[in-house]
Amino acid sequence: MYHKEGLDEIITKLHEEGVTFLSTGGTRQFIETLGYPCRAVEDLTGYPSILGGRVKTLHPKVFGGILARRALEQDLQQIEKYEIPEIDLVIVDLYPFEATVASGADEATVIEKIDIGGISLIRAAAKNYNDVVIVASQAQYLPLCDMLMEHGAETTLEERRWFAKEAFAVSSNYDTAIFNYFDSDEGSAFRCSVNNPKSLRYGENPHQKGYFYGNLEAMFDQIHGKEISYNNLLDIHAAVDLIDEFSETTFAVLKHNNACGLASRSTVLEAWKDALAGDPVSAFGGVLITNAVINREVAEEIHKIFFEVIIAPDYDVDALEILGQKKNRIILVRKPVQLPRKQFRSLLNGVLAQERDLNIETPADLKSVTLTEPTPQETEDMLFANKIVKNSKSNAIVLAKGKQLLASGVGQTSRVDALKQAIDKAKSFGFDLHGAVMASDAFFPFPDCVEIADKEGVKAVIQPGGSIKDQLTFDYCNEHGMVMVTTGIRHFKH
């Protein structure tokens with residue numbers, strides 16, 4: 001037993017029920033300090049703990065007592081012949097392999113945290129759940145304790161099967177962690193194991209079941225509001241990815257995984273007002289996120305509109321009093337948690353996996369391909385727009401000015417349609433596109449988008465480049481005094 005917290009109540013109840021104990025080393029000492037007798041495994045097997053503790057329980061007198069089938073006369077005769085006691089309850093808590101890896105320990109230390117005896121005990125007891133109860137981790141201490149308090153040292157087949165299921169979840173998760181440690185980034189097989197299941201109200205639509213597997217509490221404190229839905233989680237994920245692009249005080253509004261408003265400003269209030277101005281219509285029912293603390297003044301402005309979720313690193317108390325006036329409004333405090341560097345999704349009869357797109361372009365990454373060089377303001381705005389288009393559904397075009405999202409065209413089948421959508425949207429909210437910049441998530445195969453943008457007053461463009469017809473686009477920009485820079489990095493998002 002690696003973790004012994006919570007065991008004392010279980011040990012006490014088992015002793016009261018007349019259960020005798022068999023254990024090794026530290027756990028046996030723990031039981032004895034509680035005042036209860038405990039037989040040493042070494043006394044049963046006739047062998048001491050050897051090889052630095054690597055071999056303690058791996059013995060027929062232990063595993064025979066666990067695996068013996070009580071309804072099979074042949075098994076009972078054999079355990080009687082070899083003086084093997086029946087073992088009815090096995091409690092194990094494995095060495096903390098994942099925590100050891102996460103600590104940055106050297107390989108020798110990590111290897112020693114690969115549990116052998118414990119994992120073998122778990123599998124043996126779970127296999128023989130017809131006769132044996134298996135408690136495979138500290139997470140099952142409470143269910144065992146509740147069961148003991150309810151009806152003593154007796155179990156039903158249904159209860160034993162539940163504990164066996166939980167035990168195989170523990171062992172499979174443990175083996176997955178070990179495999180991924182050895183596999184590193186080779187990708188020789190896909191193995192993923194996530195605990196903490198959360199049943200959602202439904203999936204994307206009410207007729208679909210939905211679940212989330214993971215520890216949301218490690219990433220967010222939900223301090224108000226209704227249960228988070230499947231679609232909320234998709235938007236929250238997109239919002240987190242987007243806001244992490246920005247170091248300045250920034251506010252973003254998202255709808256269906258895309259930004260409909262975003263601005264970076266010197267104060268969070270200014271950032272909110274200019275983000276909302278980008279599309280006050282789509283902001284209705286949206287997800288709000290900022291990388292700054294929400295104060296009362298900002299909360300009063302935000303409270304004027306209906307939105308589903310707000311995410312911030314913290315809130316002033318008086319701000320929460322305002323935002324909490326809507327009972328269903330989800331208010332999340334984001335915690336500093338390192339996110340996985342790989343992402344995957346189920347597809348057809350398999351899984352797609354890739355590294356997360358963590359590249360954030362800087363001025364040093366920009367290659368000027370036109371005679372006219374960008375001004376510092378244009379460079380700043382192009383990098384700003386590029387961060388947004390990177391986090392928008394392809395095909396995507398973003399128009400921005402003064403570190404404010406004016407409009408975007410997203411999820412279109414052609415880049416021209418995406419641009420036209422962005423232009424129409426910007427105009428509908430009264431934005432002047434003269435002096436704005438344009439960002440594209442992929443290269444322009446033809447100069448058509450640049451021509452359209454030029455006629456609207458856009459004079460600076462950022463794009464990956466890489467088309468065999470790039471020069472046609474570059475020539476158009478030179479002929480019309482436009483600025484264009486390429487990054488060499490495409491940011492498709494599906």
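Reference entry: report on the structure contained in this document. (Residues numbered from 1 in each chain as written. Predicted model: local features only at pLDDT ≥ 70, side-chain atom pairs only at ≥ 80, totals over all residues. Heavy atoms only, no water.)

Observations regarding the overall build of the protein
- Within the protein, the secondary structure is distributed over 19 helices and 20 strands.
- Against the globule reference of 23 Å for 494 residues, the protein gives a C-alpha radius of gyration of 30 Å, more extended than a compact globule.
- Expressed as lengths along the three principal axes of its C-alpha atoms, the size of the protein is roughly 95 × 50 × 40 Å.
- Scored against the burial criterion, the 494 residues of the protein give a buried share of 45%.
- Counting contacts in the protein only where the partners sit at least 6 residues apart, residues at least 24 apart contribute 54% of the total.
- Of the roughly 25,200 Å² of accessible surface on the protein, 52% is carried by carbon and sulfur atoms.
- Each charge class in the protein can be summarised by its mean position, and for the 50 positive and 70 negative side chains these summaries are 4 Å apart. (Helix = DSSP H or I, 4+ residues; strand = E, 2+ residues; numbered from the N terminus. Rg over C-alpha atoms; globule rule 2.2 N^0.38 Å. Buried < 20%, exposed > 50% of the residue type's maximum accessible area, 1.4 Å probe, protein only. Contact = heavy atoms within 4.5 Å. Areas by Shrake-Rupley, 256 points an atom, 1.4 Å probe, with all protein chains shown as cover. Lys, Arg positive; Asp, Glu negative; His and termini not counted. Charge placed at Lys NZ, Arg CZ, Asp CG, Glu CD.)

Examining the packing of aromatic side chains
- A full pass over the atoms with the stated rule returns 9 aromatic pairs.
- For the cation-ring pair, Lys 113 lies above Tyr 95, with the distance from its terminal atom to the ring centre recorded as 6.0 Å.
- Over the aromatic face of Phe 179 sits the side chain of Arg 191, whose NZ or CZ is 5.6 Å from the ring centroid. (Phe/Tyr/Trp six-rings, centres within 6.5 Å; stacked < 30°, edge-to-face > 60°. Lys NZ or Arg CZ within 6 Å of the ring centre and 35° of its normal.)

Observations regarding the nonpolar core
- Counting residues in each nonpolar core, the largest one holds 43 residues, and the members touching the most others are Ile 10, Val 62, Ile 66, Val 90, Ile 122 and Ile 134.
- Elements with a contribution of two residues or more to this core: helix H1 (7-16), helix H3 (41-45), helix H4 (60-67), helix H8 (117-127), strand S4 (133-135), helix H9 (141-151) and helix H10 (157-183).
- Take this core: its biggest share by element is 7 residues, from H10.
- Judged by nonpolar contacts, the second largest core, of 41 residues, contains Met 219, Val 287, Ala 439 and Val 483. (Core = buried A, V, L, I, M, F, W, Y, C linked by side-chain atoms within 4.5 Å.)

Quick notes on the side chain of Asn 257
- Within the fold, Asn 257 resides in the loop between strand S8 (250-255) and strand S9 (258-264).
- Since its relative accessible area comes to 16%, Asn 257 is described here as buried.
- For Asn 257, the contacting residues outside a window of four places in its chain are Leu 234, Asp 235, Ala 238, Asn 391, Lys 393 and Lys 493.

Considerations on helix H17 (residues 415-428)
- A rise of 1.5 Å per residue sets the reference length of H17, with its 14 residues, at 20 Å; its end C-alpha atoms lie 20 Å apart and thus fit the reference within 8%.
- Where H17 is buried, its residues touch strand S16 (397-400), strand S17 (405-409), strand S18 (437-440) and helix H18 (448-455).
- Two residues or fewer past H17, Gly 430 is found with a positive phi of approximately 80 degrees. (Expected span 1.5 Å × (residues − 1).)

Focus on H8
- When you tally the buried positions in H8, you get 8 out of 11 residues, the bulk of the element.
- Three or more residues of H8 are buried, namely Gly 117, Gly 118, Ile 119, Leu 121, Ile 122, Ala 124, Ala 125 and Ala 126.
- Those residues of H8 that are buried are in contact with H4, strand S3 (89-91), S4 and H10.

Description of the pairing of S9
- Buried residues dominate S9, accounting for 7 of its 7 residues.
- Two elements, S8 and S9, share 6 bridges in a ladder whose sense is antiparallel. Paired with Thr 250 across the bridge in S9 is Ser 264.
- The loop that links S8 with its antiparallel partner S9 comprises 2 residues; one of these, His 256, has a positive phi angle of about 50 degrees. (Pairing = 2+ DSSP bridges.)

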